[in-house]
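What the coordinates show
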Amino acid sequence: GIPHIFAVDNLGTFDREKFVADHKRMVEAAVTIIGEIPYRRYAFLVICPGGGGLEHANSTALTLNASGLNDPAGYKRWLRFVAHEFFHLYNVKRIRPVALGPFDYDRENYTRMLWVSEGFTLYYEDLILRRAGLITREDVFEAARSNIANYENIPGHRFQSAAEASFDTWLHSFGRGDNAANTTISYYDKGAALGMLLDFKIRAETQNRRSLDDVMRALYQEYYKDKKRGFTDAEFRAVCERIAGYQLAEIFDAYASTTMDIDYPKYLAYAGLEVDIQPKEGVNPYFGVTTRERDGKLIVSNVEWDSPAMHAGLSVEDEIIALDGVRVYVRTMDGVLREKKPAEKIRVLISRGDAVREVEVVLGKRQDRSFSIKPVANPTPLQTEILKSWLGE
């Protein structure tokens, strides 16, 4: 009985009936999590084309490249995007840390809780679509895998916690230094993973009688509606532990607040899932630099931590002139490297400032973990129940 509209111009030709029906199912699945609709009218304000969106209390501003609506993968990405921004009407606009409103626009507004505000919203976007029947359970597993791999397979996970990534956003989000890729992570990705761990832990400790959904409902009722304010970090943790009936020190004191390695197999097993955490070596030789073209020159924009390039002394802003005597450019360097083998030594001619020098790099093998997720072969009754209710099956 509440109107929801799309304000949009020139979306082109696509299945509008399916579009409306799918978004209706998404909205219904999202509001079911909280159990209350806090607005009288909602508007999706679509700006074409572009990238990114911004949530509001009763609307969201979205950008859309309409050509993607006729591509199954593109349409699925769009649904995730809309589900994310829509769920922000609860998580951020109403369920929020005290630092996120009302704002003092004359001073900084620091928070260590963006891993909850943005990360949990990223986590819920796939659950919403699964519970609405718009994606498969394998899609949910793949999204969780991708979130984990995105931060675990970069050097920053050794240096920055989820809480630190949240706090530092005010300082670095729009002024990231050359070494940011080596020293930072995304609180979106790690926050989504922590949301899943917390959800599974609560379900396991309560024999699947409670979940992260109950935490979100409690925060909505107690802080947004009753106290009419945001929550502190300690209050958020207290609600989680009250719902779980269990002290959650490992998640809050270790996994969210430090760079301690996470025991993914332990937590995913609560839902009858297994995860592949074994490192796998890449087949191509590993150099460890990211480059860009500037005035026709091949310029190093990042040197990955602990990479062959770093150990050889390459630095950001170096110009790479040649590899083993062969002149290289942005379009040709990868091809030249692919002809080499791991453990092979290559001569790299660089220009740094006014000096030209040659350094020797010993190519390596990159090791990444896939974190692929799948159900265990013989789940217990509780594992089966947790997995099915988590996915809304």
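To start, this report covers the structure provided alongside it. Everything numeric here is computed off the predicted structure, so don't read it as measured data. (Residues numbered from 1 in each chain as written. Predicted model: local features only at pLDDT ≥ 70, side-chain atom pairs only at ≥ 80, totals over all residues. Heavy atoms only, no water.)

1. Focus: the overall build of the protein
Rules: Elements are defined by DSSP. Helices are runs of H or I of four residues or more, strands are runs of E of two residues or more, and each kind is numbered from the N terminus. We compute the radius of gyration over the C-alpha atoms and compare it with the globule rule, which gives 2.2 Å times the number of residues raised to the power 0.38. Residue exposure (1.4 Å probe, protein chains only): buried if accessible area is under 20% of the type maximum, exposed if over 50%, otherwise partly exposed. The charged-residue count follows a simple rule in which Lys and Arg add positive charge and Asp and Glu add negative charge, with His and chain termini not counted at all. For the purpose of locating charges, the reference atoms are NZ of Lys, CZ of Arg, CG of Asp and CD of Glu.
The helix and strand inventory of the protein stands at 15 helices and 14 strands. Against the 2.2 N^0.38 benchmark of 21 Å for 393 residues, the protein shows a C-alpha radius of gyration of 24 Å, consistent with a compact globule. Dimensions of the protein along its principal axes, counting C-alpha atoms only, are 70 × 50 × 50 Å. Every one of the 393 residues in the protein was classed for burial, and the buried ones make up 49%. Distance between charge centroids for the protein: 3 Å, based on 51 positive and 56 negative side chains.

2. Things to note about helix 10 (residues 233-244)
The condition is simple: An expected span of 1.5 Å times one less than the residue number is assigned to each helix. By the convention used here, residues are in contact when the closest approach between their heavy atoms is within 4.5 Å.
Compared with the 16 Å implied by 1.5 Å per residue over 12 residues, the 17 Å span of helix 10 between its first and last C-alpha is a close match. Within helix 10, the full set of buried residues consists of Glu235, Phe236, Val239, Cys240, Glu241, Ile243 and Ala244. Buried residues along helix 10 sit in contact with helix 3 (114-117), helix 4 (119-131), helix 8 (187-205), helix 9 (212-226) and helix 11 (249-255). Directly after helix 10, the chain includes Gly245, whose backbone phi takes a positive value near 65°.

3. Observations concerning the sheet that holds strand 3 (residues 53-55)
Note: strands within a sheet are paired through backbone hydrogen bonds, in either parallel or antiparallel orientation. Threshold: What makes two strands pair is DSSP finding at least two bridges between them. The axes used here are C-alpha line fits, helices contributing only the stretch in contact, and every angle between their N-to-C directions lies in the interval 0 to 180 degrees.
One open sheet accounts for four strands, arranged 1-2-4-3; its pairing is mixed. Two strands bound the open sheet, and with one partner strand each, they are strand 1 (4-7) and strand 3. Averaged over all pairs of adjacent strands, the angle between their axes in this sheet comes to 15°, without regard to strand direction. For strand 2 (residues 42-47) and strand 4 (residues 59-63), the ladder comprises five bridges, and the chain directions are parallel. Bridged to Leu45 within strand 4 is Ala61.

4. A few points about the environment of Leu298
Here Leu298 is to be found in strand 8 (residues 297-303). For Leu298, a relative accessible area of 2% translates into the label buried. Distance from Leu298 to His172, taken between C-alpha atoms, is 26 Å for residues 126 residues apart in sequence. Apart from the residues lying within four places of it in its own chain, the contact partners of Leu298 are Thr291, Arg292, Asp318, Glu319, Ile320, Val328, Tyr329, Val330 and Met333.

5. Here we look at the packing of helix 9 against helix 10
Inclusion rule: Note on angle classes: values under 35 degrees are labelled roughly parallel, values over 145 roughly antiparallel, values of 65 to 115 roughly perpendicular, and the remainder oblique. The crossing is said to be left-handed when, going from far helix to near helix, the turn is anticlockwise and less than a right angle, and right-handed when the turn is clockwise. The residue classification treats Ala, Val, Leu, Ile, Met, Phe, Trp, Tyr, Cys and Pro as nonpolar and Asp, Glu, Lys and Arg as charged. All others, Gly included, are polar.
Helix 10 packs onto helix 9 with a crossing angle of 130° between their chain directions and a minimal axis gap of 10 Å. What the angle tells us is that helix 9 and helix 10 run oblique. At the point where helix 9 passes helix 10, the crossing takes the right-handed sense. Counted together, Asp214, Val215, Ala218, Leu219, Glu222 and Tyr223 of helix 9 and Glu235, Phe236, Val239, Cys240, Arg242 and Ile243 of helix 10 form the full contact between these two elements. A per-class count over the contact of helix 9 with helix 10 returns eight nonpolar, no polar and four charged.

6. Details of a nonpolar patch on the surface
Here is the rule we go by: A patch is a set of surface residues, each over 30% in relative accessible area and not in a salt bridge, joined within 9 Å for like charges and within 5 Å for the nonpolar side chains Val, Leu, Ile, Met, Phe, Trp and Tyr. Each accessible area is a Shrake-Rupley estimate made with a 1.4 Å probe; only the visible protein chains count as cover when residues are assessed. Any Lys or Arg side-chain nitrogen found within 4 Å of a carboxyl oxygen on Asp or Glu counts as a salt bridge.
A cluster of nonpolar side chains, namely Tyr110, Trp170 and Leu171, defines an oily patch on the protein surface of about 300 Å² accessible area. Classification of Trp170 by relative accessible area gives partly exposed; the value is 44%.

7. Focus on the side chain of Ser161
Take Ser161: it is sitting in the loop between helix 5 (137-152) and helix 6 (162-172). Exposure remark for Ser161: the relative accessible area of 0% places this residue in the buried category. Sequence-distant contacts of Ser161, that is, excluding residues within four places in its chain, are made with Ile185, Ala256, Ser257, Thr258 and Thr259.

8. Looking at the packing of helix 5 against helix 15 (residues 381-391)
One can describe the packing of helix 5 onto helix 15 by two numbers: an axis separation of 11 Å at closest approach and a directional angle of 95°. Looking at the two axes, helix 5 sits roughly perpendicular to helix 15. Contacts between helix 5 and helix 15 involve Arg137, Val140 and Phe141 from the former and Leu387, Trp390 and Leu391 from the latter. Its residues assigned to classes, the contact of helix 5 with helix 15 comprises five nonpolar, no polar and one charged.

9. Looking at the pattern of salt bridges
Under the counting rule described, the total for this entry stands at 30 salt bridges. When the shortest N-O distance is used, the salt bridge between Asp126 and Arg80 registers 2.4 Å. On the criterion of sequence distance, the pair formed by Asp126 in helix 4 and Arg80 in helix 2 (residues 72-87) is long-range, its members being 46 residues apart. With its nearest N and O atoms 3.0 Å apart, the salt bridge here joins Lys201 to Glu205. Remark: Glu205 and Lys201 occur in helix 8; sequence separation between them is four residues, near one turn of the helix. For Lys201, a relative accessible area of 6% corresponds to the buried category. For Glu205, a relative accessible area of 32% puts it in the partly exposed group.

10. Notes on the pairing of strand 12 (residues 355-362)
Bridging between strand 11 (residues 345-352) and strand 12 involves eight bridges; their strand directions are antiparallel. Within strand 12, the residue paired with Ile346 across the bridge is Val361. Between strand 11 and strand 12, which pair antiparallel and follow one another directly, the connecting turn spans two residues, one of which, Gly353, has a positive phi of 65°.

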